[in-house]
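Chain residues, written in single-letter form:
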Amino acid sequence: MTIDTAKQPAIAASRFGFGARPGELDAARADPRGWLLAQLRTPYRAPAELDALASGREILASFLAARAARAAEKQAAAREASRDDPVKQLFAGIRQQLLPHYQAQAAARTRIALASESSFRERLVHFWSNHFAVSIDKPICLGTAGALENEAIRPRIDGRFADLLLAVETHPAMITYLDNQRSMGPHSALGERAARRADGPAPVRLGLNENLAREILELHTLGVDGGYTQADVTTFAAVITGWSIGGGEGRYADGEPGAFVFRDALHEPGSKTVLGRRYADADMAQGKAVLRDLAAHPATARHIAMKLARHFVADEPPAELVERLASAFRTSEGHLPTVYTALVNWDGAWQSDTLKFKQPHEFIYSSLRALDVTPREPKALLAPFEVLGQRHWSPGSPAGWPDRQADWDGADALMQRIEWSVALADRVGDSHSALATADAALGPLASTQTRKALASASSGSQGLALLLMSPEFQRR
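Numbering of residues starts from 1 in each chain and follows the order in which that chain's sequence is written. In keeping with the model being predicted, local features are shown solely for residues with a pLDDT of at least 70 and side-chain atom pairs are shown and tallied solely at 80 or more, while totals for entire chains, interfaces and linings include all residues. Just so you know, side-chain values use all the structure's heavy atoms and leave hydrogens and water out.

### Re helix α1 (residues 8-15)
Only protein chains enter the calculation, and the probe is 1.4 Å; a residue is then buried if its accessible area is under 20% of its type maximum, exposed if over 50%, and partly exposed in between. For helices the rule is a DSSP run of H or I covering at least 4 residues; for strands it is a run of E covering at least 2, with both sets numbered from the N terminus onward. In terms of burial, α1 is largely enclosed, as eight of its eight residues are buried. Of all the positions in α1, only Gln 8, Pro 9, Ala 10, Ile 11, Ala 12, Ala 13, Ser 14 and Arg 15 are classed as buried. Should any heavy atoms of two residues lie within 4.5 Å, those residues are counted as being in contact. Those residues of α1 that are buried lie in contact with α2 (24-29), α3 (32-38), α6 (119-131) and α14 (298-312).

### Thoughts on the packing of aromatic side chains
Any pair of Phe, Tyr and Trp rings, taking the six-membered ring for Trp, is counted once the centres come within 6.5 Å. Such a pair is stacked with planes under 30 degrees apart, edge-to-face with planes over 60 apart, and tilted for the rest. By the definition in use, this model includes 17 aromatic pairs. Plain terms: the ring middles of Trp 243 and Phe 260 are 6.0 Å apart, the flat faces sit at 85° to each other, and that makes the pair edge-to-face. With a gap of 17 residues between them, Trp 243 in strand β1 (residues 243-245) and Phe 260 in strand β2 (residues 260-262) connect regions that are remote in the sequence. Residue classification places Phe 260 among the partly exposed positions, given a relative accessible area of 24%.

### Some remarks on the confidence of the model for the protein
On average, the protein scores 92 in pLDDT, and the residues at 70 or more come to 91%. The predictor attaches a confidence to each residue, and that confidence, scored 0 to 100, is pLDDT. Contacts for the low-pLDDT stretch residues 201-205, under 50 throughout, to residues beyond four places or in other chains number five contacts.

### Structural notes on the packing of helix α15 (residues 319-331) against helix α16 (residues 336-344)
In this analysis an axis means a line fitted to C-alpha atoms, helices contributing only their contacting stretch, and an angle means the value between N-to-C directions, from 0 to 180 degrees. In the contact formed by α15 and α16, the axes pass within 8 Å of each other and the chain directions differ by 155°. Classified by the angle their axes make, α15 and α16 are roughly antiparallel. Considering only the axes of α15 and α16, their crossing is right-handed. Contacts from Leu 321, Arg 324, Leu 325, Ala 328 and Phe 329 in α15 reach Leu 336, Thr 338, Val 339, Ala 342 and Leu 343 in α16. Residue polarity is assigned by list, with Asp, Glu, Lys and Arg as charged and Ala, Val, Leu, Ile, Met, Phe, Trp, Tyr, Cys and Pro as nonpolar; anything else, Gly included, falls into the polar class. Looking at the contact of α15 with α16 residue by residue, the classes come out as eight nonpolar, one polar and one charged. Comment on the angle field: the value is read as roughly parallel under 35 degrees, roughly antiparallel over 145, roughly perpendicular from 65 to 115, and oblique elsewhere. Here is the rule for handedness: rotate from the far helix to the near one, and if that takes an anticlockwise turn smaller than a right angle the crossing is left-handed, while a clockwise turn gives right-handed.

### Observations concerning the side chain of Ser 14
The residue Ser 14 is located in helix α1 in this model. Relative accessible area serves as the criterion here: at 9%, Ser 14 is assigned to the buried category. Setting aside its immediate chain neighbours within four residues, Ser 14 contacts Gly 19, Arg 123, Lys 358, Arg 475 and Arg 476.

### Considering the nonpolar core
For this analysis, a nonpolar core means a set of buried residues of the types Ala, Val, Leu, Ile, Met, Phe, Trp, Tyr and Cys, connected via side-chain atoms within 4.5 Å. Counting residues in hydrophobic clusters, the biggest one holds 123 residues, and the most contacted among them are Trp 128 and Phe 236. If near-sequence neighbours (up to four positions away) are discounted, Phe 236 is found in contact with Ala 213, Ile 216, Leu 217, Val 274, Val 290, Leu 291 and Leu 294.

### Focus on a nonpolar patch on the surface
Taken together, the side chains of Met 415, Ile 418 and Val 422 present a nonpolar region at the surface, about 230 Å² in accessible area. Turning to its location among the elements, Ile 418 is positioned in helix α19 (residues 411-428). A patch is a set of surface residues, each over 30% in relative accessible area and not in a salt bridge, joined within 9 Å for like charges and within 5 Å for the nonpolar side chains Val, Leu, Ile, Met, Phe, Trp and Tyr. Surface accessibility follows the Shrake-Rupley procedure with a 1.4 Å probe radius. Residue values consider only the protein chains on display as shielding. Only one rule defines a salt bridge in this text: a Lys or Arg side-chain nitrogen within 4 Å of an Asp or Glu carboxyl oxygen.

What follows is the structure, given as structure tokens:
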């Protein structure tokens, strides 16, 4: 396998990061692979942009308090038939309360991506945030999606998968996104009390919610073809009953508001069998034990390997690479830097003829990084993601954003890219040379044909727009 060493710095910055900023290719030139891996050896420090953000616990606590107050308002409004739908009023109030938190979180995320000198690390943050997706389409997540990324994911992408998994699944954003705080074991203390009150000749099974259990098995660990059954989903859902959040109303008001809490009164008692293994009843420790085993499962290794290979290398990744990453995952017991190293050191990942089509957020980041532009106002920072159809933390489902070209290269989507590129180039004007920007962002990846087009552009802004829409810049 022949590798063009001259192209490696540009591939390092574009394929593994969010695109080169001015001077970054020079920094990577001596040892592109080492430049990437060095980003993971520095002890984690929370970016300064996160300092002013409220914590997920604080946001959720204030939300719970406001929801209780608005519930009373809703009841009063419902008695007045002439007034607007009280449910709509309630939603509007929730959105008004949480939207500033979302805007602050998304703006901070964008600034970090644009300014980071460790964009491989930052790309990994976004990869794992999409793997463990929550969506702001659910109102409560409008204020907590960014907190999940900042609190559970950022500090753990260079540790072990088992630790990352536990942190995510016990974060209040994931608990509330998948409604596990409402899951009640039928034989728990509260479940049996509810059953005694239920009408009917026979006991009624009440309250078990399978959402979190299903997504952990299907999306976060084993994968859809990972060998689990519906019985495993139901039993695992019983295992994690009681994984909840503090605060709320009535019988659910105990615990620190907005923080994760284990509610024994909701937990389904007894030993349980998941994937053929028996787990003794040990309250919350029972669920932790299942998560540890899921993190170490061979199907999880392959599922994570496939997603990493698809994200960084090819829509249909080579089987050789998937097995290489899965083996690194298994032998290192889920030590993520070991897996990343196996990815970076695979020669096939450095071929310039197998480039991935950029998703909208990747295109936005790489464009602004290439031009060294960071809009000051949050609205200007976030508008491009709305325009190009990929708002922060809004994939629409727990499966996250898709990662194949066919999902992003439709005619309408490409027209939106063209229009945004032209508008951005017009704002920058003639302050940047298109050829110099191509050298700084793409280096030798810029083809002779593209360079000729840039050189013959009628203005600096036209040249920049042509650069941003060139095939080399559209891919990574």
